[in-house]
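What follows is each chain in one-letter form.
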Amino acid sequence: MNIIMILYYLMTAYLVVILGWNFIREKKSVNDLILILLVLTPLVLRLLRVK
Amino acid sequence: VNNEKTTKIGLLVLFAAFLVSGGLPLWKHRRFRMPLVAGPGVTRILRLSDFVPSLKGSVADTEVFVLEGREPGGKALVMSNTHANEPAALLTSLLLIENAVVERGTLYVIPTFNASAGRNTKPGDGYPLYFDVPTSWGAMRIRMGNRDASPLEQWPDPDLYIHYPDKQMLSYLDVRNSNRTWPGRPDGPLMERVTYAAMELLRRDKVDVAIDMHGAETMFPVTNCIVAPEKSARIATIASMTVKAVEGFDNHVEPSPGNFRGLSHREIGDFSETLPFLLEAPIPFLDQPTGPKTVKLMMDGKDPFLLSLSRKKKLFVPYDENGWSMDKRVGQHTSVALEILKQFSKKYPERAIRLSGVPRYAEIVKNGIGSYFHDPAKADPKSVHYQ
């Protein structure tokens, strides 16, 4: 794994944390909660090295 | 507050179920190991990391099966799964590894050249993850791969792939396409290192002939053919005419374009003494206007939409109700490869390569490809290798 690839994994992890934080903070909109989880899907699959 | 908590927990449970149900089959697919039984002809097994050490430990470090004859002679390399969604090539390699005995010369076989692509899946289109080849001992399960290496091995893609060393601008995807990264370099992206390792094998071991086996759509003009550069054209033409006349299946020769870089049939010839040949057999499964991409379509190549297009003369191959089965495609690859070796041996008798134990087109179509594979459960465990 080269340095650029490691940086991309770090960026992905950062986005997952930010989205997770938004999920926790969201109080009203169920639509937004679902959207956050949808956006999280490919990011989590990449971090888990599934796809 | 309680409502909010309940909603979020419910959504997270659904999210987890969604991830597991979608991700688990992909996780299993990536780790699925295809057994092959090395036949009596296999004398040594190398790895690509023997030629580029930085590949060691990576998914791309694939096996190179070496079949050496009693008599010295010429050397040939046969490769498949350069594009892992064209599986007739893989089955042809397995057929060689399990059955071929080299009488004279040396045969190298790389069954899963792009081992990462063999563990990748195509998003969309509903491609199957596996297909089964029927054999007398049960179903032989083959992992269906994709055209390009997985981003899990090589990420991110560039905006444009600048080919090395010609600096030709290719699609960003081609950086993961091991038939665009030839001749490669030892410190480039992963696929360039894979092709460089193969180039090093060809140069160091002075390999005479390289055969890269593929499959192409029936609506694509470069199908049912041998693609060859100027230096291989004579042998390719005689081989093509011979199989057409003697074995009765259609085949022609396509010239390797000099200005389209990165392909095996171009760069192997330009960067080594080896004569390259790229074989294309029609694969209806890859055509766009077909019905569902089922295992049945993969195996029998029968599709009503292609049949209709064939009647309107829109296909580049003869196509009827019989489709274009896997047995036919493997048979074509086997016969064309054997004929290339035969014609090469005729032209360079001091570097002749002679094989036995390999069936040709008619025999494979009659018996089915599955009849040539051996049961790994009953084989000597030392001869079972996993791809």
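Residues numbered from 1 in each chain as written. Chains lettered and ligands numbered in written order. Predicted model: local features only at pLDDT ≥ 70, side-chain atom pairs only at ≥ 80, totals over all residues. Heavy atoms only, no water.

A. The interface of chain A and chain B, seen in detail. Listed by partner, the interface residues are 22 residues for chain A and 21 residues for chain B. Roughly 2000 Å² is buried in total at the junction of chain A and chain B, and carbon and sulfur atoms are behind 72% of that figure. Where chain A packs against chain B, one counts one salt bridge. Residue B:Glu4 is joined to A:Lys27 by a salt bridge in which the shortest nitrogen-to-oxygen separation is 3.8 Å. Linking chain A to chain B there are six residue pairs in polar contact (both at pLDDT 80 or more). (Contact = heavy atoms within 4.5 Å. Buried area = accessible area lost by both parts, 1.4 Å probe. Salt bridge = Lys/Arg side-chain N within 4 Å of Asp/Glu carboxyl O. Polar contact = N/O pair within 3.5 Å; in protein donor to acceptor, adjacent residues only side chain to side chain.)

B. Quick peek at the packing of aromatic side chains. Under the criterion given, the structure shown has seven aromatic pairs over all chains. Taking 5.2 Å as the distance between ring centres and 70° as the angle between the ring planes, the aromatic pair formed by A:Tyr8 and B:Trp155 counts as edge-to-face. Here the residue A:Tyr8 occupies a position in helix 1 (residues 3–25), and B:Trp155 occupies one in the loop between strand 7 (138–143) and strand 8 (161–162), the pair thus bridging two chains. Relative accessible area serves as the criterion here: at 30%, A:Tyr8 is assigned to the partly exposed category. Seen in terms of ring centroids, B:Phe249 and B:Tyr361 are 4.6 Å apart; in terms of plane orientation they differ by 45°. Their pairing is tilted. With a gap of 112 residues between them, B:Phe249 in the loop between helix 4 (230–247) and strand 12 (252–255) and B:Tyr361 in helix 9 (residues 361–367) connect regions that are remote in the sequence. Over the aromatic face of B:Trp155 sits the side chain of A:Arg46, whose NZ or CZ is 4.4 Å from the ring centroid. Across from the ring centre of B:Tyr386, 4.1 Å away, lies the NZ or CZ of B:Arg33, which sits over that ring. (Phe/Tyr/Trp six-rings, centres within 6.5 Å; stacked < 30°, edge-to-face > 60°. Helix = DSSP H or I, 4+ residues; strand = E, 2+ residues; numbered from the N terminus. Buried < 20%, exposed > 50% of the residue type's maximum accessible area, 1.4 Å probe, protein only. Lys NZ or Arg CZ within 6 Å of the ring centre and 35° of its normal.)

C. How the structure looks around the nonpolar core. Residues and elements named next belong to chain B. By size, the foremost hydrophobic cluster in this structure holds 60 residues, and its most contacted members are Leu 91, Ile 211, Phe 277 and Ile 340. Residues in contact with Ile 340, not counting those within four places in the same chain, are Val 209, Ile 211, Ile 226, Ile 235, Ala 239, Phe 277 and Leu 279. In this structure, Phe 51, Val 194, Tyr 196 and Ala 210 belong to the second largest nonpolar core, which totals 27 residues. (Core = buried A, V, L, I, M, F, W, Y, C linked by side-chain atoms within 4.5 Å.)

D. Representation of helix 2 (residues 88–99) of chain B within the structure. Along its twelve residues, helix 2 of chain B runs 16 Å from first to last C-alpha, staying within 8% of the 16 Å computed at 1.5 Å per residue. Among the twelve residues in helix 2 of chain B, twelve count as buried, and that is most of the element. (Expected span 1.5 Å × (residues − 1).)

E. The pattern of salt bridges, seen in detail. All names here are of chain B. For the coordinates displayed, the defined rule picks out 25 salt bridges over all chains. Put simply, Glu 153 and Arg 30 hold a salt bridge, and the shortest N to O gap is 2.5 Å. Remark: Arg 30 occurs in helix 1 (residues 2–31) and Glu 153 occurs in the loop between strand 7 and strand 8; sequence separation between them is 123 residues. Take Glu 153: its relative accessible area is 14%, and that puts it in the buried class. The shortest N-O distance in the salt bridge between Arg 70 and Glu 103 comes to 3.5 Å. With a gap of 33 residues between them, Arg 70 in the loop between strand 3 (63–68) and strand 4 (71–79) and Glu 103 in strand 5 (residues 101–110) connect regions that are remote in the sequence. Overlapping salt bridges, with partners in common, bring together Asp 166, Glu 230, Arg 261, Arg 266, Glu 267 and Asp 270 in one network.

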